[in-house]
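Chain and residue survey
Spelled out from the first residue to the last, the chains are:
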Amino acid sequence: EDKVVQSPLSLVVHEGDTVTLNCSYEVTNFRSLLWYKQEKKAPTFLFMLTSSGIEKKSGRLSSILDKKELFSILNITATQTGDSAVYLCAVEPGRGADGLTFGKGTHLIIQP
Amino acid sequence: SQTIHQWPATLVQPVGSPLSLECTVEGTSNPNLYWYRQAAGRGLQLLFYSVGIGQISSEVPQNLSASRPQDRQFILSSKKLLLSDSGFYLCAWGRGLGIGEQFFGPGTRLTVL
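A brief look at the structure comes next.

Calculation rules
- Residues numbered from 1 in each chain as written.
- Chains lettered and ligands numbered in written order.
- Predicted model: local features only at pLDDT ≥ 70, side-chain atom pairs only at ≥ 80, totals over all residues.
- Heavy atoms only, no water.
- Helix = DSSP H or I, 4+ residues; strand = E, 2+ residues; numbered from the N terminus.
- Buried < 20%, exposed > 50% of the residue type's maximum accessible area, 1.4 Å probe, protein only.
- Contact = heavy atoms within 4.5 Å.
- Areas by Shrake-Rupley, 256 points an atom, 1.4 Å probe, with all protein chains shown as cover.
- Lys, Arg positive; Asp, Glu negative; His and termini not counted.
- Charge placed at Lys NZ, Arg CZ, Asp CG, Glu CD.
- Salt bridge = Lys/Arg side-chain N within 4 Å of Asp/Glu carboxyl O.
- Polar contact = N/O pair within 3.5 Å; in protein donor to acceptor, adjacent residues only side chain to side chain.
- Phe/Tyr/Trp six-rings, centres within 6.5 Å; stacked < 30°, edge-to-face > 60°.
- Core = buried A, V, L, I, M, F, W, Y, C linked by side-chain atoms within 4.5 Å.
- Pairing = 2+ DSSP bridges.
- Axes fitted to C-alpha atoms, helices over the stretch in contact; angles between N-to-C directions.

Turning our eyes to something else, we now look at the overall build of chain A. In terms of helices and strands, chain A carries zero helices and 11 strands. Element order for chain A, N to C, with α for helix and β for strand: β-β-β-β-β-β-β-β-β-β-β. For chain A, the spread of C-alpha atoms along the three principal axes comes to 45 × 30 × 20 Å. Counting the 112 residues in chain A, one finds 43% classified as buried. Looking at chain A alone, contacts between residues at least 24 apart form 55% of all its contacts between residues at least 6 apart. For chain A, the computed accessible surface area is about 5,400 Å², with 50% contributed by carbon and sulfur atoms. Charged side chains in chain A number 12 positive and 12 negative. The centres of these two groups are separated by 4 Å.

Shown next as structure tokens:
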């Protein structure tokens, strides 16, 4: 059974801090790993990673994948209160249009 | 550009009542469509996916069913709701195999009392 584990489940930091969110996975025939940000309703897409060691970057957010050790990290530098959200990690198995397997998410709270 | 709609946004239903949630996608053709549920304390769980009209695959046995009567319409139903059906239901669409990225609708918050 495919499995995605995120840590920590919850994190409270001060504005300006840097945070690292973790995601480990077990999946049959891995195809890609995705990160989403969920504020109040629909998750919004952040990154899709398919290759090891290649960092994806968008502003203050960056992510990297290690396919040998089966994990990914999401970094957020110079955090702002608007970064407060649940960050979801998901993997796409390489078997048809089966949908994504999600972790439980990391609830990130940025205090001013 | 593509947009995805879900309704209703919020629903409170008694145990044993029927359910119908609707999802429609605009701006794309032949999308893969997905229903997920997010229960308290749990991650998003895939319920159903569809690669075309009338084609439905279920990931987990449950009290719910799905239908795809049109290319860009996906419906989640139940004949008799259970308390355990409460949760946040999200519809998503994707472009297909190996593309991975999925786009989510605004969701329906269902409370079964």
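That was the structure; now back to the text.
Here we take up the interface of chain A and chain B. Each side of the interface is counted separately: chain A has 21 residues, and chain B has 24 residues. Here chain A and chain B share zero salt bridges between them. The interface formed by chain A and chain B holds three residue pairs in polar contact (both at pLDDT 80 or more) in total. Breaking the side of chain A that touches chain B down by element, the ones donating at least two residues are β4 (30-38), β5 (44-49) and β9 (85-93) of chain A. Per element, the largest residue contribution to the side of chain A that touches chain B is five residues, and it comes from β4(A).

Okay, the side chain of Thr106(A) next. Positionally, Thr106(A) belongs in strand β11 (residues 106-111). Setting aside anything within four residues of it in sequence, one finds Thr106(A) in contact with Gln6(A), Ser7(A), Pro8(A), Leu9(A), Leu21(A), Ala85(A), Val86(A) and Tyr87(A).

On to the environment of Phe30(A). All names here are of chain A. Mapping Phe-30 onto the fold places it in strand β4. It is 13 Å that separates the C-alpha atoms of Phe-30 and Met-48, two residues lying 18 residues apart in sequence. Residues contacting Phe-30, with those up to four places away along its chain left out, are Tyr-25, Leu-49, Thr-50, Leu-65, Lys-67, Val-91, Glu-92 and Gly-94.

A full pass over the atoms with the stated rule returns 11 aromatic pairs over all chains. Aromatic pair Tyr25(A) and Phe30(A): ring centres 4.9 Å apart, planes at 20 degrees, arrangement stacked. By relative accessible area, which is 4% here, Tyr25(A) ends up buried. Aromatic ring contacts, followed pair by pair, group Tyr36(A), Phe45(A), Phe102(A), Tyr34(B), Tyr36(B), Tyr49(B) and Phe104(B) into a single cluster.

A few words now on the nonpolar core. Ranked by internal contacts, the top residues of the largest apolar core, which has 21 residues, are Tyr25(A), Leu33(A), Trp35(A), Tyr87(A) and Leu108(A). Where this core is concerned, the elements lending two or more residues are β3 (19-26), β4, β5, β7 (61-66), β8 (71-76), β9 and β11 of chain A. With residues up to four places along the chain from it excluded, the contact list for Leu108(A) reads Leu11(A), Val13(A), Val19(A), Ile76(A), Asp83(A), Ser84(A), Ala85(A) and Tyr87(A). In terms of nonpolar packing, the next biggest core, distinct from the first, is built from 20 residues, Leu11(B), Phe48(B), Ala66(B) and Leu76(B) among them.

Residue and element names in this part refer to chain A. Across the sheet, which stays open at both edges, the five strands sit in the order β1-β3-β8-β7-β6 with antiparallel pairing between neighbours. The sheet terminates laterally at β1 (3-7) and β6 (56-58), the two strands that pair on one side only. The average angle at which neighbouring strand axes cross in this sheet is 15 degrees, direction not considered. Examined bridge by bridge, β6 and β7 share three bridges and lie antiparallel to one another. Following the sheet pairing, Lys-57 is matched in β7 by Ser-62.

Here we take up the pattern of salt bridges. Two side chains that carry opposite charge are able to pair once their charged atoms sit near each other. Residues and elements named next belong to chain B. This model, assessed by the stated rule, comprises five salt bridges over all chains. The partner of Arg-37 in a salt bridge is Asp-85, and the shortest N-O contact between them spans 3.8 Å. Of this pair, Arg-37 sits in strand β4 (residues 32-38) while Asp-85 sits in the loop between β8 (73-78) and β9 (87-94); the two residues are 48 residues apart in sequence, bridging distant segments of the chain. The residues Arg-37 and Asp-85 share a single accessibility class, namely buried.

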